[in-house]
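In case you want the letters, here they are:
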Amino acid sequence: MAELRVGLEALHSLSPADRAQALLSAQENQWFERKSFRVSPEKLAAAIIGFANAEGGVIAVGLSEGEVETLPPEKTLNQLRRTPHDWCSPIPRTRFDAIEVETPTGTSELLLVEVEPGEALHETRSGEVFLRVGDSTMRLNATQRDELA
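For the structure given in this document, a descriptive report is provided here.

Another point: unusual backbone geometry. In terms of backbone geometry, most residues other than glycine have negative phi values and most peptide bonds are trans. Of note, the bond from Ser89 into Pro90 is cis; its omega dihedral lies within 30 degrees of zero at -15 degrees. In this model, Glu65 sits at a positive phi of 50 degrees, which is unusual for a non-glycine residue. Looking at where Glu65 falls in the secondary structure, it is placed in the loop between β3 (63–64) and β4 (67–68).

As structure tokens, this is what we get:
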């Protein structure tokens, strides 16, 4: 996770146009994933839990099909920011950061969700457990859950 933090600090030092390009061209991996602003809180919770149960990571929200999306209404942003509290148990340590990016039609913002590795097993409110493995978030079965715990 230390290497990722250095990457995030470098990201903030880039121009808004370079930030967008860096996030759009970055390869999704064990520590990085892109999501659309249309992501449901349940799907975002699965990604957050997957990172929390692994080594942590960053989710860039507001990118879809190789483009920066239009900023949604504040109500949608607030629902996304509440995801760890509303959908995860225990609540993972997360930090939400809005960063300005430049698009062909002007400026916009993306939501970066930094997830710290958890000290406990994290699950959804309905008891589902996820784990980030490579560039995927996997739902764990009962045996895998017990092994992770």
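A word on the nonpolar core. Ranked by internal contacts, the top residues of the largest apolar core, which has 19 residues, are Leu44, Ile48, Ile59, Val61, Leu80 and Val115. Broken down by secondary-structure element, the contributors of at least two residues to this core are α3 (41–52), β2 (57–61), α4 (74–87) and β7 (106–115). Discounting residues that sit within four places of it in the chain, Ile48 has contacts with Ile59, Thr83, Pro84, Cys88, Pro92, Thr94, Val113 and Val115. Core analysis: the second largest hydrophobic core is formed by 13 residues, Leu8, Leu11, Ala60 and Val68 among them.

Applying the stated criterion to the full structure yields nine salt bridges. A salt bridge links Arg145 to Glu123, with the nearest nitrogen and oxygen atoms 2.6 Å apart. One end of the pair, Arg145, is in helix α5 (residues 142–148); the other, Glu123, is in strand β8 (residues 123–124), with 22 residues separating them in the sequence. Look at Arg145 and you get partly exposed, because its relative accessible area is 26%. A cluster of three or more residues bridged by salt bridges with shared partners is formed by Glu33, Lys35 and Arg132.

The next point concerns empty space enclosed by the protein. Enumeration according to the criterion identifies one cavity of 30 Å³ or more in this entry. Its volume calculated, the largest cavity comes out at about 30 Å³. Looking at the largest cavity, the residues that line it are Phe37, Leu71, Leu77, Arg81, Ala98, Glu109, Leu110 and Leu111. Those elements giving two or more residues to the lining of the largest cavity turn out to be α4 and β7. For the lining of the largest cavity, the leading source of residues is β7, giving three residues. Taken together, the residues of the lining of the largest cavity sort by class into six nonpolar, no polar and two charged.

This next bit is on the pairing of β7. Regular strands place side chains that alternate from one sheet face to the opposite one. Where burial is concerned, most of β7 is hidden: seven out of the ten residues are buried. One ladder, built from five bridges, connects β2 with β7; its direction is antiparallel. The residue of β7 that forms the bridge with Ala60 is Leu112. Pairing geometry for strand β6 (residues 94–103) and β7, over ten bridges, is antiparallel. Residue pairing for β7: Thr94 is matched across the bridge by Val115. The hairpin turn running from β6 into β7, its antiparallel successor, is two residues long.

Calculation criteria
- Residues numbered from 1 in each chain as written.
- Predicted model: local features only at pLDDT ≥ 70, side-chain atom pairs only at ≥ 80, totals over all residues.
- Heavy atoms only, no water.
- Helix = DSSP H or I, 4+ residues; strand = E, 2+ residues; numbered from the N terminus.
- Core = buried A, V, L, I, M, F, W, Y, C linked by side-chain atoms within 4.5 Å.
- Buried < 20%, exposed > 50% of the residue type's maximum accessible area, 1.4 Å probe, protein only.
- Contact = heavy atoms within 4.5 Å.
- Salt bridge = Lys/Arg side-chain N within 4 Å of Asp/Glu carboxyl O.
- 1 Å grid on protein atoms, 1.4 Å probe; cavity = no way out; pocket = protein on both sides within 12 Å on 5 of 7 lines; lining within 4 Å.
- Points joined across faces, edges and corners; volume = space filled by probe spheres on them.
- Nonpolar A, V, L, I, M, F, W, Y, C, P; charged D, E, K, R; others polar.
- Pairing = 2+ DSSP bridges.

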